[in-house]
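Below are the chains, spelled out letter by letter.
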Amino acid sequence: MDRNSQTSAVNAQRWPTPRAQPLALACLLAAAPLTLAAQDNAPRNFDEPVLARMLRSGDAKTPSLLLTKSGPQPLDTHEAVLDLRIVYTESKIWDPGHTRFDTVKLRSYQSPGTNPKVPFVAPTIVTAPGETVRVRLDNSLPKEDCAPIGINVPHCFNSTNLHSHGLWVSPTGNSDNVLLTLRPGVKFEYEYNLPADHPAGTFWYHPHLHGSTALQVSSGMAGALIVRGNRLPSNDRNGDLDTLLRDQGGTPYQERLLLFQQVAYACRDRPEPGKTLGKIKTDENGFWRCDPGDVGGIEAYDQFGFPGGKSLWELSGRYTSINGEVLPNFYELKAGRIERWRLVHAGVRNSINLQLRAVRAGAASIEGLSGPALDGWVTQNCTGPLLPQFEVAADGLTHGQAIEKSEIVLQPGYRSDALVVFPQAGQYCVIDGAAPASASITNAAENRQLLGLANVAATAVPPVADIRAYLTENLITSAKYLMPDGVRAKVVADLNDRLRLTAFVPHKDIATGDLTGKQELEFSIKGEDYMVDGKTYDPKSGRDLVLGNVEEWRLTSTVGSHPFHIHVNPFQVDRILNKEGKDVSVTGDPGDSQYANTKGTWKDTLFVKGGYQLFVRTRYERYIGEYVLHCHILDHEDMGMMQNVRMLVPDGKGNGIGNGHH
């Protein structure tokens, strides 16, 4: 994995070998669905998603051999292979509203080592720049008869494909090709060839077949994809942030992956004559209910939507899960320790405003509380000041400066890497803070929700009074020990200058003088039509772009607010104009911080508020082929808010597209 290290002999003494990832041989997958017998008093503790057990050359008992002067040596193929089998799995999800576990049957990725406790949580893929990742996808879902009545009507819920969200790889053939359809019974091997200059960061993967994407992702078919890098910065090129986020001895900061999911399962009454599905069961408050003996599932698109302007997710009473657990307890946290939290919003629709607050001393347990009583506990006991979180990357792409945030706003598809320090021992609330209507996917105010409780153990470190100063001091100390001679002074000076990280940004800024053209994109809704540029999705039409161009896009929405996502090439935020024409990409909006300090940052998904104008810039580099852009409210995408993009070779004369395309 350490093929890109550029350490000198001197730096090699300072630079330890990265901690090995636990890898094992891929094994044959069992044919039966995974099941779990859970008790209502079982602990709900925060656990990391399992690491994907991927076959690499060094894992084999009889590896391929390379003949060298010193004799036969194992041949490093620079490849990793993962088996993913899509099946129904049965498990339990805690329902705080009714204080019991519900049995659920969900479409899931099953892999070697799948955690039987939360089998719907996909394994975390770990790779590196320059490696080829092969995913052997086996669609073992039941056969279906799914002749669509319209391409933008949800359909074919057991057909699928795979999207490596955020990876800079080819969109064609058996790479990140989301225009493929894999029916039940089909096996297909995806091949993601990560270039040697691929950014290191936090990415993710999920199904992306038009018509079934929302239903499958909401079922839990989503996993993190982490690209780790060991490239030190030099005078000629930037390095990986991974090389800095270590203590002075070279040990990486403690990492914590938080995969947020919104599993919109429901239990139903008996269907009426002539119908296949019954009505969703609800309690006296209108929240979704599963009775003992029921099995919840996600089998129709009446489990998504905005009836009366409210999100069905919020009306359902369901809770956002973290790594498959609802209201988990976080342990193994230590006061004064710097941690890197990798946050992935793998849900379908609602915004998440991540906040950390100390719990009031003497607070009672939350066990057994539900509904208004649980909300009241949060109001009475989550009373400490908001802890600062220092975001160092978004969507897998390192910022030019660590951004201090009192809350991190995650829209569907977003990722965030944040440095977190708990200043002293005690218990802390992990909260999805209340969101104003203008800041949320739903266009309605979203209520605050407790996500979990963090239990922080005491250490010999004195209470941290100033987290920014503490973080700055530790990063500078690490830089002095770990950074190469030629750039050490610059990295230290940058850190002293408001935690700047300019030596680790993966892409060069796009200046106005670099631009060669412009693009316009508008989201809109009219009745049941979800549209891009006034048209619902048509696979036979789309947008032609020319490889090598550098363009500025103006993103707008006339009805509602939508997260814009485009595949392959990321973009840099230049300016965001509110309804009054004021640029809020530095200050943010009053009461809504999500646009604050986004100017100059790189992303692949960006929330477009209704009535705003967002200007982003992007380079079309390296890869040609056809792919898509779309709204990342995934049921909006399934119902037509998507557009094909064709990246074409230029004609070499400055006149546009070459003759090789038809």
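All of these numbers come straight from a predicted model, not from anything done at the bench.

Quick notes on the rules
- Residues numbered from 1 in each chain as written.
- Predicted model: local features only at pLDDT ≥ 70, side-chain atom pairs only at ≥ 80, totals over all residues.
- Heavy atoms only, no water.
- 1 Å grid on protein atoms, 1.4 Å probe; cavity = no way out; pocket = protein on both sides within 12 Å on 5 of 7 lines; lining within 4 Å.
- Points joined across faces, edges and corners; volume = space filled by probe spheres on them.
- Helix = DSSP H or I, 4+ residues; strand = E, 2+ residues; numbered from the N terminus.
- Nonpolar A, V, L, I, M, F, W, Y, C, P; charged D, E, K, R; others polar.
- Axes fitted to C-alpha atoms, helices over the stretch in contact; angles between N-to-C directions.
- Parallel < 35°, antiparallel > 145°, perpendicular 65-115°, else oblique.
- Contact = heavy atoms within 4.5 Å.
- Pairing = 2+ DSSP bridges.
- Disulfide = S-S within 2.5 Å.
- Buried < 20%, exposed > 50% of the residue type's maximum accessible area, 1.4 Å probe, protein only.
- Polar contact = N/O pair within 3.5 Å; in protein donor to acceptor, adjacent residues only side chain to side chain.
- Lys, Arg positive; Asp, Glu negative; His and termini not counted.
- Salt bridge = Lys/Arg side-chain N within 4 Å of Asp/Glu carboxyl O.

Attention shifts here to empty space enclosed by the protein. A complete count under the given rule lists nine cavities of 30 Å³ or more for this structure. Taken together, 19 residues make up the lining of the largest cavity; nearest its centre are Glu391, Lys405, Gln594, Thr598 and Lys603. Breaking the lining of the largest cavity down by element, the ones donating at least two residues are strand E17 (389-394), strand E18 (397-405), strand E19 (408-410) and strand E20 (415-421). Class assignment for the residues of the lining of the largest cavity results in nine nonpolar, six polar and four charged.

A separate point is the packing of helix H5 (residues 467-482) against helix H6 (residues 485-496). Two numbers describe how H5 lies on H6: the axes approach to 9 Å, and their chain directions differ by 175°. Taken together, the axis directions place H5 and H6 in an arrangement best described as roughly antiparallel. On H6, the residues touching Thr472, Leu475, Ile476, Ala479 and Lys480 of H5 are Arg488, Val491, Val492, Leu495 and Asn496. For the contact of H5 with H6, a count of residues per class yields six nonpolar, two polar and two charged.

Turning to the sheet that holds strand E30 (residues 605-608), a few remarks are in order. In any sheet, the strands associate via hydrogen bonds between backbone groups, in a parallel or an antiparallel arrangement. In spatial order, the strands read E25-E33-E32-E27-E30; together these five strands make up an open sheet with mixed pairing. Both outer strands of the open sheet, strand E25 (542-546) and E30, are each paired with one neighbouring strand and no more. Strand-to-strand, the axes of this sheet are offset by a mean angle of 25°, without reference to chain direction. The pairing of strand E27 (residues 562-566) with E30 spans four bridges and is classified as antiparallel. Within E30, the position partnered with His562 by the bridge is Val608.

Further remarks concern the state of the cysteines. Each disulfide consists of one covalent bond between the sulfur atoms belonging to two cysteines. According to the stated counting rule, one finds three disulfides in the structure shown. Across the chain, the way the bonded cysteines pair up, counted in sequence order, is 1-2, 3-4, 5-6.

We now examine the environment of Phe203. Locating Phe203 in the fold gives a position in strand E10 (residues 201-206). Distance in space between the C-alpha atoms of Phe203 and Leu397 is 9.4 Å, their sequence separation being 194 residues. Phe203 has contacts with His165, Gly166, Leu167, His198, Ala224, Leu225, Val227, Asp395, Gly396 and Arg415, leaving out every residue within four places of it along the chain.

Attention now moves to the side chain of Ser159. Its location among the elements puts Ser159 in the loop between strand E7 (132-139) and strand E8 (163-165). Taking the relative accessible area as the measure of exposure, Ser159 reaches 0% and is therefore buried. At 2.7 Å, the side chain of Ser159 and the side chain of Glu144 are in polar contact. Those residues in contact with Ser159 that sit more than four places away from it in its chain are Asn139, Glu144, Thr181, Leu182, Arg183, Pro184, Leu209, Ser212 and Gln216.

Relative to the assigned elements, Tyr192 resides in strand E9 (residues 187-193). When the C-alpha atoms of Tyr192 and Trp168 are compared, they prove to be 9.2 Å apart, with 24 residues separating the residues in sequence. Dropping the residues within four chain positions of it, Tyr192 is found in contact with Glu131, Thr132, Val133, Val135, Leu162, His163, Ser164, Leu167, Val169, Ser175 and Asp176.

We now examine the side chain of Asp176. Considering the arrangement of structural elements, one finds Asp176 in the loop between E8 and E9. Of the side chains bearing the opposite charge, Arg415 lies closest to the buried Asp176, which forms no salt bridge; the N-O distance is 11 Å. Engagement of the side chain of Asp176 in a polar contact is seen with the side chain of His163, the distance being 3.0 Å. Residues contacting Asp176, with those up to four places away along its chain left out, are Leu162, His163, Ser164, Val169, Ser170, Pro171, Tyr192 and His567.

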